[in-house]
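Coordinates in review
Here are the chains, one letter per residue:
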Amino acid sequence: MYFIGDKMKQQLYNAMVELEEEKVITLVKKALENGEDPYSILEVCRKAMSEVGDRFERGEYFLNELVIAGEIFKTVSEILNPELKKYGKRERELGRMVIGTVEGDVHDIGKNIARTMLEAHGFIVYDLGVDVPPEKFVEAVKKYNPEIVGMSCLITSAWTSIEETVKKLEKEKLRDKVRIILGGAMVNERIAEKVGADAWTNDAKKGVDICKSFVGAE
Ligand code: B12
């Protein structure tokens, strides 16, 4: 269990881990009313999702619980989205970006949050959805000519798809035209180095800063 100093956040974390949907919604709304930073509310829920995942791994939760956790988080995202949008300062168009969850992976909650935040900060984001094959990334790069490609990945078995996608971009001589950022709970330095990605993150806020630096907009 993760320990958070703040009492309300601790309650929210516990409610999320225990999959108490109504309590989660009430606490999220209350936190917003109290002027809590929407991203810090999101972070509490993300950490709780990690604990849900650990329980699944330990055999204490089953697929059903993962599904329920996903549904609850989606509701939380819907409540927080308008607030997250206000958070960014969309003063001008910063650049174009193609984003998608790689082939073999259907997790999209984090990708959708990253998209919302990137758009809020002024990026035009072309979202290819989930389970996106390498060819589709390549097609989209040809079609939209983006400065950045973002690949979301939450299962380690899908790392090969990241690798394949980078290889296909190289083969089509597109690799040098884009910066590549990996995101999602299951990406790290190891995979980023292995495929030669320009950056990786498990945190959408950091992701926005990295993407801004890619287009010279720090
Ligand atoms: C909810 C959930 C599900 C839901 C997903 C619903 C949905 N629509 O997304 C469902 C039930 C469908 C699901 C299915 C499965 N899941 Co699942 N799931 C999770 C869980 C609990 C939470 C994921 C989540 O939404 N987190 C919250 C979001 C906000 O966090 P996030 O994705 O990291 O995103 C943040 C950042 O990373 C970043 N970000 C994300 N993407 C991007 C992209 C870019 C470009 C940028 C800049 C930033 C960025 O922004 C977000 C905000 O900061 C995780 C546990 C965990 N540790 O994450 C397991 C987990 C990912 N699942 C796991 C598994 C095993 C599965 C299944 C294989 C289970 C099964 N037996 O069928 C299937 C996979 C099916 C498939 N082919 O993809 C494992 C993976 C283990 C591994 N090492 O590979 C995990 C880690 C659980 C565990 N500990 O065992 N799952």
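Figured I'd write up the structure that's included with this text. None of the values given here were measured: they were computed from a predicted structure. (Residues numbered from 1 in each chain as written. Predicted model: local features only at pLDDT ≥ 70, side-chain atom pairs only at ≥ 80, totals over all residues. Heavy atoms only, no water.)

**Considerations on helix α6 (residues 134–144)**
Where α6 is concerned, the buried positions are Pro134, Phe137, Val138, Ala140 and Val141. Taken end-on, α6 shows its buried residues confined to a sector of 165 degrees, consistent with a single buried face. Projecting away from the buried face of α6 at angles above 90 degrees are the exposed residues Glu139, Lys142 and Lys143. Next to the buried residues of α6 lie β1 (95–101), β3 (148–152) and α7 (159–171). (Buried < 20%, exposed > 50% of the residue type's maximum accessible area, 1.4 Å probe, protein only. Helix = DSSP H or I, 4+ residues; strand = E, 2+ residues; numbered from the N terminus. Arc of directions from axis to C-beta. Contact = heavy atoms within 4.5 Å.)

**Considering the sheet that holds strand β4 (residues 179–183)**
Within a sheet, each strand pairs with its neighbour through backbone hydrogen bonds, oriented either parallel or antiparallel. If you trace the 5 strands from one edge of the open sheet to the other, you get β2-β1-β3-β4-β5, paired in parallel fashion. The open sheet has two edge strands with one neighbour each: β2 (123–127) and β5 (199–201). The average angle at which neighbouring strand axes cross in this sheet is 25 degrees, direction not considered. Sheet topology places β4 next to β5; 3 bridges connect them, and they run parallel. Looking across to β5, one finds that leucine 182 is bridged to tryptophan 200. Packing of helix α5 (residues 109–120) onto the sheet brings it into contact with β1, β2 and β3, and relative to β2 it is tilted by some 155 degrees. (Pairing = 2+ DSSP bridges. Axes fitted to C-alpha atoms, helices over the stretch in contact; angles between N-to-C directions.)

**Structural notes on the nonpolar core**
Within the largest apolar cluster, 44 residues are counted, with the highest numbers of intra-cluster contacts made by Leu12, Val24, Val28, Ile113 and Leu118. When contributions to this core are tallied by element, the ones reaching two or more residues are α1 (7–17), α2 (21–33), α3 (38–57), α4 (63–87), β1, α5, β2 and α9 (204–214). Split by domain, the residues of this core number at least three in each of domain 1 (7–87) and domain 2 (95–214). Setting aside chain neighbours within four positions, we find valine 24 in contact with Leu12, Ala15, Met16, Ile72 and Val76. (Core = buried A, V, L, I, M, F, W, Y, C linked by side-chain atoms within 4.5 Å. Domains from an automatic or database assignment.)

**Focus: the coordination of the cobalt atom of the ligand**
Here the protein supplies the cobalt atom of the ligand with just one donor, His107 (NE2), and that contact is 2.3 Å long. As for its position among the elements, histidine 107 is in the loop between β1 and α5. (Donors = N, O, S within 2.8 Å, 3.2 Å for Na, K, Ca; no water.)

**Structural notes on the pattern of salt bridges**
Per the counting criterion, the structure on display carries 16 salt bridges. Its salt-bridge partner being glutamate 60, residue arginine 58 comes within 2.8 Å of it at the nearest N-O pair. Take glutamate 60: its relative accessible area is 43%, and that puts it in the partly exposed class. Across the pair glutamate 135 and lysine 168 runs a salt bridge whose closest N-O atoms are separated by 3.4 Å. Of this pair, glutamate 135 sits in helix α6 while lysine 168 sits in helix α7, placing them 33 residues apart in sequence. Among the residues examined, lysine 168 registers a relative accessible area of 29% and is labelled partly exposed. (Salt bridge = Lys/Arg side-chain N within 4 Å of Asp/Glu carboxyl O.)

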